[in-house]
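Residue strings, one per chain:
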Amino acid sequence: MTYKEISAGGVVYRSGIDGLEIQLIVDRYGKISLPKGKMEAGETVEQTALREIQEETGTIGEIKAPLDVIKYSYKHPLHGNVDKEVHYFLVEAKGGITKAQVEEISAVEWHEPSAAWARGNGSAYANNLYILRKAFARLGLKIS
């Protein structure tokens, strides 16, 4: 039997003093990533995304658009084969205080778009780069 797991998260952006900034996180393995987490009972994927972003980064966000759903499988020591689905959204930061949830992640970073892309391009998960590319396109940003 295959176990199904649903997570949600997003690409968070804000308008800073120097223009648009993109939020990245450093996960507990030292990889550049996007905030996301597992859906809880009774939640929609949108609610999950916003809750996980706030829990992991301190950012209160508003969903602007769905980006995509990443699907993959992995082997879990207890559940065996797991079919994982991660729903990603474009999320505008509306408030909160940036603070990493140290139990889950190492750091929360804000970068102007080209620096965010360069930072992710070296050490992010491939599916995160795919989602970041979609977010940039949605925001009308060019990737150099």
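Residues numbered from 1 in each chain as written. Predicted model: local features only at pLDDT ≥ 70, side-chain atom pairs only at ≥ 80, totals over all residues. Heavy atoms only, no water.

Turning our attention to the overall build of the chain. Broken down by element type, the chain carries three helices and seven strands. The linear arrangement of helices and strands in the chain, starting from the amino end, is β-β-β-β-α-β-β-β-α-α. Across the 144 residues of the chain, 44% fall into the buried class. Taking the intrachain contacts of the chain between residues at least 6 apart in sequence as the baseline, contacts between residues at least 24 apart amount to 69%. The chain carries 18 positive and 19 negative side-chain charges, and their two centres are separated by 5 Å. (Helix = DSSP H or I, 4+ residues; strand = E, 2+ residues; numbered from the N terminus. Buried < 20%, exposed > 50% of the residue type's maximum accessible area, 1.4 Å probe, protein only. Contact = heavy atoms within 4.5 Å. Lys, Arg positive; Asp, Glu negative; His and termini not counted. Charge placed at Lys NZ, Arg CZ, Asp CG, Glu CD.)

So, on to the pattern of salt bridges. Two side chains of opposite charge can pair, provided their charged atoms sit close to one another. Under the defined criterion, the tally for this structure stands at 13 salt bridges. A salt bridge links Lys94 to Glu92, with the nearest nitrogen and oxygen atoms 3.5 Å apart. Lys94 gets classed as partly exposed once you look at its relative accessible area, which sits at 48%. Connected through salt bridges with shared partners, the residues Glu40, Glu43, Arg51, Glu52 and Glu55 form a single ionic network. (Salt bridge = Lys/Arg side-chain N within 4 Å of Asp/Glu carboxyl O.)

Here we take up the environment of Val82. Here Val82 shows up in strand 6 (residues 80-96). Val82 gets classed as buried once you look at its relative accessible area, which sits at 1%. Aside from chain neighbours lying at most four places away, what touches Val82 is Thr2, Tyr3, Glu5, Tyr72, Ser73, Tyr74 and His76.

Now for the nonpolar core. Within the largest apolar cluster, 21 residues are counted, with the highest numbers of intra-cluster contacts made by Val11 and Leu132. Looking at this core, the elements that each hand over two or more residues are strand 1 (3-16), strand 2 (19-27), strand 5 (59-76), strand 6, helix 2 (113-123) and helix 3 (126-138). Among the elements that line this core, the one with the most residues is helix 3, at five residues. If sequence neighbours within four positions are ignored, Val11 has contacts with Ile22, Leu34, Leu67, Phe89, Leu90, Val91, Ile131, Leu132 and Ala135. Listed in part, the nine residues of the second largest apolar core include Ala8, Val91, Ala93 and Trp110. (Core = buried A, V, L, I, M, F, W, Y, C linked by side-chain atoms within 4.5 Å.)

With that settled, consider the packing of aromatic side chains. Tallying each qualifying case throughout the model produces two aromatic pairs. Look at Tyr72 and Tyr74: their rings are 6.4 Å apart centre to centre, the planes differ by 40°, and that puts the pair in the tilted class. In this structure Tyr74 comes out as partly exposed when scored by relative accessible area, which is 28%. When the centroid spacing of 6.0 Å and the interplanar angle of 55° are considered together, the rings of Trp117 and Phe136 count as tilted. On the criterion of sequence distance, the pair formed by Trp117 in helix 2 and Phe136 in helix 3 is long-range, its members being 19 residues apart. The exposure classification of Trp117 matches that of Phe136, with both residues buried. The ring of Trp110 is capped by Arg14, whose NZ or CZ atom sits 3.9 Å from the centre of that ring. (Phe/Tyr/Trp six-rings, centres within 6.5 Å; stacked < 30°, edge-to-face > 60°. Lys NZ or Arg CZ within 6 Å of the ring centre and 35° of its normal.)

Any link to function would need more than the numbers given here.
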